[in-house]
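# Observations on the three-dimensional arrangement
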Amino acid sequence: MGEDLDLCECDEEPLAAMWPTDIEDKSNKQFNIEKPGNTEENLLKEFQSQEEKHKLDFMKLAELTDYSDIGSHQLTSLVKQYKFRRANAFRLLQEELDSLSKQRQEIEQRKQDILQEHRFVEKNQISVLDDGYDIWGAPDLERAKKVTFLYKNEIDVGVNMTGEYGTVGYWKGRAVRLERLLEDSLKRENILVQKLQECAKMEEQKLPVEELSSILKRADNFLHFILQNAPIVIAHQDKDLRYRFIYNHFPSLGEEDIIGKTDEEILLGSEGVKEFQDFKREVLENGKAAKREITYATPLFGKKTFLTYVEPVFNKKGEIIGINYMGFEVTDQVPSDSIFRLECFIHASYKFKIIFDFISMQLVKREKLAKYREEMAVQKAKETELSKTIHVTEETMRAKQMLATMSHEIRSPLTGVVGMAEILANTNVDMEQRQLLDVILSSGDLVLQLINDILDFSKVESGVMQLEETKFRPREVVRHVLQTAAASLRKDLILEGHVSEDIPLEVMGDVLRIRQILTNLVSNAVKFTHKGTVGINLRVVSKPNSLQTYTANATENPVTQKCCAETSCSSKVGKETENTGEEIVWLQYEVYDTGIGIPEKAIPTLFKRYMQASADHARKYGGTGLGLAICKQLVELMEGNITVKSKENEGSTFTFMLPCKVPLEQDLSDDPDESPTVSCSGLDPMEGFFLFKPKTFHRPKSPDSSHLKQTSSVDHDKKENGKSRPNHQSSGQVLLVEDNKVNIMVAKSMVEQLGHSVCVVNNGLEAIRAVQQTRFDLILMDVHMPVMDGLQATRLIRSFEENGYWDASVGPTCQSSPASSSLSQECYDETRKRKRTPIIAMTANSFAESASECLDSGMDSYISKPVTVQNLKEILQNFFACNL
Amino acid sequence: MASTQIKAQLNDLLNSMFAMDFLDEQFKQLQMLEDGSCPGFISEVITIFCDDAERILSLITELLSKPVVDFEKVDAYVHQLKGSSSSVGAKRVALVCIKFRNVCQENDKEGCMATLYEIRREFDELNKKFRTMLQLEQQIQALDSKR
């Protein structure tokens, strides 16, 4: 077929402007017109250029028009029309002739009149007139010309003679003018006659066939114009249902493939063909037109639905000689749309003269269609999946949000319960009641702990958790964590801490979270250790080379994972310097114990939430299983990693590494007066070893139980060692909050005189820290202090006591180590529970320190400065009497 | 014998100080504390007080010498001085401190300068007497230990 095309192209006519290029090309390609021998050449050419998609059998068409009923009717009407037009033309010509001859008679009449009037006759003139008459009789162009010539000569003579012969000249001139008028009139008449004759000749020459074909041409143009994009098939089939004529907007078969063949032969019995054939036979038999919707599924053009109209064609005798059918494609919108796109594509291909073998074309079509459908399906599936995922995510988020909200909502009333129980515990209760209260309180604390864990966890998961960067002392942190653990320790365990020498005095980091992690790990260790040691090692390590793999390996097989730090822990290796000039150290915290250990199979899930080593453990040891998950989250949030190694019945070691910035020198030397030093620590700030032994007291008193010195006073030891306390029964731990050195000395000395131990801090913030770390029996609070005054410190301490957590404003401003909320829960000496610590203001009696303001802030009483032993004694006795 | 003489001298000094309102009852609290448990407590407190007062006074002087005076800061220092002076019972210094605070709260630079001068005078006087006192105490101690 492709070879044929080249030949065809040579014969191509220029396109009629009306038709799109592609259609023209296509039509020529698939089109072989049988030459109707008896027609003129130019007629054929006209057909070639304008017949587009018809596949027609001209002989058959002629036959049809001759013999079929519709055909003969059409011819008759054409002939009638022709006759009428001719009669009309004849009538018009006749009328014109009549009017002209009338005019001529009038002119002649006038001429006669003029001649008779003057009785002036000339030979030539007569002859001319005779000749002129002849002209009218037999219109002859040659003669008319001659006459005109003669006249011209005479007129010239006449004009020349005018001057010579006076009156004769006058008449002659007049006659000449008249002649001229007549001549003009004659000329016009002549031309009209000529035109008339030409017209008549042409009319006579036109044949009926010509007329017919021109009408057909017009009808054809009209049809093409309308049908050029319509999905319509028009065809005529004979009695045997063989195609004799077909018009198809999207032909995919050559003419020779269709004409003379039946649907069955063309479509090879595809689905729908038989139905259509039966339908057509039905129409043939019944002789009545009918409509039906038929769906084809053929390899040629896929699945298409057509609304078909079939009408029988009769011959003049009324016998059926075939059918006309018309199919209108009404395939469903989506596929037909896709087909339309495909068609566009195919059209484009034609434009670029790409020859498509129609089979491959169909393949492409079908593939495209299949692909399109597939894409549709995939996209739909994707959309469903996506909406599902979105739905699930939203659900999860909502659930988490609800969990957080619920936790918060549970906490508020719970604090009420616990608080009331505490107040009750402070009243006079007998042993049994106290035991019951202890259960209430410890259970309440457990629930609070759980809720705090959940809140922390959801905070980290939802990305709300913000890390604070504050300056802190790692040694202090380790010491405080151990001290806190020791405070609540009720087992025969040794708590120890080792901090290597190269640890900087101060580093930057989120001390709250680091404390939380350490406390979690230590309390875990204590929980699972029945004898022996729990300890913390802190050292500087080199930056792990590949943190990711390290973590991954560690979680996969943490038992075999050796702490890289242990081998690489030489003094300064861990330090590195960033571009900013800030030094980064990697601190490795190790929390080890000699406890029951972790079974190897439990390790991989150890850091997962709500996971515990086993159900047995959960039953035996309790806990939520959130602790380690939170630790891991926090460590990873701080860009560190956490690992564990353990051996059953020998102990476990949790190791985590965190990067910490070392503050610059100028940061260190802030203001020596204001730099926070809890003077009650009384320790060398660079001390690296801490040891806390369990107190065998029935009621251990928190930090008292350690060997820590409680005051900074140089002569405190002296006094403590050298002098027995006068009132041992009523002795208590007093926190003195005062910024004035002299006042401190005096007040401390007085309180000690009264037989109490004193811890001194220099401002409100330090007071809060001290309260977080230690339980005091009484607080002596100066009002006017730098950093944080006594009133605010009191308010915060009271708020903590009531709510069980520290006001958010405390955390970030703390430079050292205020405990986190969940941590603070654990700070309590179990035996003492939380109770309202008496706070006594020391006022200077100035207007800024009014007593009522102190009481409003939550202070219990006040003494005016300067304090005297007597004042203090009274106050202390008051409060110790009811508390101890 | 010498010891008792010196003790009498010390007593006279203290009495005159009390009489002249250099010291008040608060100082007796310190004496009580020393007698009770802490030998050398008074000398320690006084030394700290004097060093602290000296430091505060020089800080205030520095603040007041600036073209723009930060009265709040001055007030805070005076408050400190007042606190410590009343703690040791340095009555006259404490009283001038109260006066100073009033002047300071009116942002009266001239008044501050004048009061600072007053405090300085009072403190120097007290300091002199304290030193004498401490010297006498040392002598007593030295004699006591010899005995």
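Residues numbered from 1 in each chain as written. Chains lettered and ligands numbered in written order. Predicted model: local features only at pLDDT ≥ 70, side-chain atom pairs only at ≥ 80, totals over all residues. Heavy atoms only, no water.

## Topic: the overall build of chain B
When you go through chain B residue by residue, the secondary structure sums to six helices and zero strands. Secondary structure elements in chain B, listed N-terminal to C-terminal, are α-α-α-α-α-α. Counting over 147 residues, chain B shows a buried share of 49%. The long-range fraction of contacts in chain B, counting pairs at least 24 apart against all pairs at least 6 apart in sequence, stands at 67%. As displayed, chain B has an accessible area near 7,500 Å², and 52% of this comes from carbon and sulfur atoms. (Helix = DSSP H or I, 4+ residues; strand = E, 2+ residues; numbered from the N terminus. Buried < 20%, exposed > 50% of the residue type's maximum accessible area, 1.4 Å probe, protein only. Contact = heavy atoms within 4.5 Å. Areas by Shrake-Rupley, 256 points an atom, 1.4 Å probe, with all protein chains shown as cover.)

## So, the sheet that holds strand β17 (residues 757–761) of chain A
Residue and element names in this part refer to chain A. Across the sheet, five strands lie side by side as β17-β16-β18-β19-β20; this open sheet has parallel pairing. With partners counted over all chains shown, the strands left at the sheet margins are β17 and β20 (861–864), one partner each. Here the average twist between neighbouring strands, direction ignored, is 25°. Those strands touched by helix α24 (residues 741–753) are β16 (733–737), β17 and β18 (778–782), and its axis lies near 160° from that of β17. The strands touched by helix α25 (residues 764–773) within the sheet are β16, β17 and β18, with β16 carrying the most contacts at an inclination of about 160°. (Pairing = 2+ DSSP bridges. Axes fitted to C-alpha atoms, helices over the stretch in contact; angles between N-to-C directions.)

## What to know about the nonpolar core
If you look at the biggest cluster of nonpolar residues, it comprises 71 residues, and the most contacted ones within it are L780 of chain A together with F27, F100, F130 and M133 of chain B. The biggest single contributor to this core is helix α3 (residues 41–65) of chain B, with twelve residues. Not counting residues within four places of it along the chain, the set of residues in contact with F130 of chain B comprises M17, L23, F27, I46, F49 and C50 of chain B. Of all hydrophobic cores here, the second largest spans 54 residues; its members include F457, V585, F607 and L628 of chain A. (Core = buried A, V, L, I, M, F, W, Y, C linked by side-chain atoms within 4.5 Å.)

## Focus on the environment of N740 of chain A
Among the secondary structure elements, N740 of chain A is positioned in the loop between β16 and α24. In this structure, the C-alpha to C-alpha distance between N740 of chain A and M785 of chain A, residues 45 residues apart in sequence, is 8.7 Å. Setting aside its immediate chain neighbours within four residues, N740 of chain A contacts D52, Q80, G83 and S84 of chain B. A polar atom in the side chain of N740 of chain A sits 2.9 Å from the backbone nitrogen of V742 of chain A. A polar contact of 2.7 Å, which involves the side chain of N740 of chain A, links it to the backbone oxygen of Q80 of chain B. (Polar contact = N/O pair within 3.5 Å; in protein donor to acceptor, adjacent residues only side chain to side chain.)

## Describing the side chain of T262 of chain A
Residues and elements named next belong to chain A. Counting through the fold element by element, T262 comes out in the loop between α10 (255–258) and α11 (263–267). By relative accessible area, T262 is classed as buried at 8%. Once residues lying within four places of it in the same chain are set aside, the contact partners of T262 are D240, L241, R242, Y243 and Q277.

## Regarding helix α5 (residues 91–105) of chain B
All names here are of chain B. Taking 1.5 Å per residue as the helical rise, α5 with its 15 residues ought to reach 21 Å, and the 21 Å between its terminal C-alpha atoms agrees with that figure. Of the positions making up α5, those classed as buried are V93, A94, V96, C97, F100, R101, V103 and C104. Of the residues trailing α5, N107 is marked for its positive phi of about 55°. (Expected span 1.5 Å × (residues − 1).)

## Notes on the confidence of the model for chain B
Note: predicted coordinates in regions of low pLDDT should not be interpreted at a detailed level. All names here are of chain B. On average, residues of chain B score 85 in pLDDT, and 95% of them reach the 70 mark or higher. Averaged pLDDT values over the elements of chain B bottom out at 81 in helix α2 (residues 25–36) and peak at 89 in α3. Across the assembled chains, the prediction reports ipTM 0.84 with pTM 0.33. (pLDDT = per-residue confidence, 0-100.)

## With respect to a nonpolar patch on the surface
Residue and element names in this part refer to chain A. A cluster of nonpolar residues, M402, M406, I410, L446 and V447, forms a patch on the protein surface that exposes about 460 Å² of accessible area. Every element with two or more residues in the nonpolar patch is listed here: α14 (358–426) and α15 (431–461). Here the element with the most residues in the nonpolar patch is α14; it accounts for three residues. Relative to the elements of secondary structure, L446 occurs in helix α15. Classification of L446 by relative accessible area gives exposed; the value is 59%. (Patch = residues over 30% accessible without salt bridge, like charges linked within 9 Å, V, L, I, M, F, W, Y side chains within 5 Å. Salt bridge = Lys/Arg side-chain N within 4 Å of Asp/Glu carboxyl O.)

## A closer look at the confidence of the model for chain A
Residues and elements named next belong to chain A. Overall, the predicted model of chain A reaches an average pLDDT of 69, with 61% of residues at or above 70. Under a pLDDT of 50 for its full length, residues 121–140 has, in the predicted model, 21 contacts with residues more than four places off or in other chains. For the stretch residues 808–833, pLDDT sits under 50, and the model shows 89 contacts to residues farther than four places along the chain or on other chains.

## Some points on the pairing of strand β12 (residues 583–593) of chain A
Residue and element names in this part refer to chain A. Most of β12 is tucked away: ten of the eleven residues are buried. Where strand β10 (residues 532–541) lies against β12, eight bridges are found, and the strand directions are antiparallel. Following the sheet pairing, V540 is matched in β12 by L587. By the bridge criterion, ten bridges tie β12 to strand β14 (residues 651–662) in an arrangement that is antiparallel. When the sheet's bridge partners are listed, E590 is paired in β14 with T655.

## As for the packing of helix α4 (residues 71–88) of chain B against α5 of chain B
Axis angle and axis distance: for two packed helices, these are the angle between their axes and the distance between the axes, and together they describe the pair. All names here are of chain B. Across the interface, α4 lies against α5 with an axial gap of 9 Å and an inter-helix angle of 165°. Here α4 lies roughly antiparallel to α5, going by the angle between them. Regarding α4 and α5, the two cross each other, and that crossing is left-handed. Contact residues: α4 offers F71, V74, D75, V78, H79, L81, K82, S85 and S86, while α5 offers V93, A94, C97, I98, F100, R101, C104 and Q105. Its residues assigned to classes, the contact of α4 with α5 comprises ten nonpolar, four polar and three charged. (Parallel < 35°, antiparallel > 145°, perpendicular 65-115°, else oblique. Left-handed = near helix turned anticlockwise from the far one by under 90°. Nonpolar A, V, L, I, M, F, W, Y, C, P; charged D, E, K, R; others polar.)

## Structural notes on the packing of aromatic side chains
Residue and element names in this part refer to chain B. Inspection of every chain in the model, using the stated rule, returns eight aromatic pairs over all chains. Note on F18 and F27: the rings are 6.2 Å apart at their centroids and 65° apart in plane angle, and the pair reads as edge-to-face. Using a relative accessible area of 18% as the deciding quantity, one classes F18 as buried. Geometry around F18 places K28 over its ring, the cationic atom sitting 5.0 Å from the centre. (Phe/Tyr/Trp six-rings, centres within 6.5 Å; stacked < 30°, edge-to-face > 60°. Lys NZ or Arg CZ within 6 Å of the ring centre and 35° of its normal.)

## Thoughts on the pattern of salt bridges
Close approach of charged atoms allows side chains with opposite charge to pair. All names here are of chain A. Scanning the model with the defined rule gives 21 salt bridges over all chains in all. Among the ionic pairs, E179 bridges to K111, the shortest N-O distance being 3.2 Å. One end of the pair, E179, is in helix α8 (residues 166–205); the other, K111, is in helix α5 (residues 69–118), with 68 residues separating them in the sequence. Here E179 and K111 have matching classes, each one buried. One salt bridge connects R292 with E282, and the closest N-O pair in it is separated by 3.3 Å. Here E282 lies in helix α12 (residues 273–286) and R292 lies in strand β4 (residues 290–298), a separation of ten residues in the sequence. Taking relative accessible area as the criterion, E282 reaches 37% and is therefore assigned partly exposed. In this structure, a network of salt bridges that share partners links the residues K274, D278 and R281.

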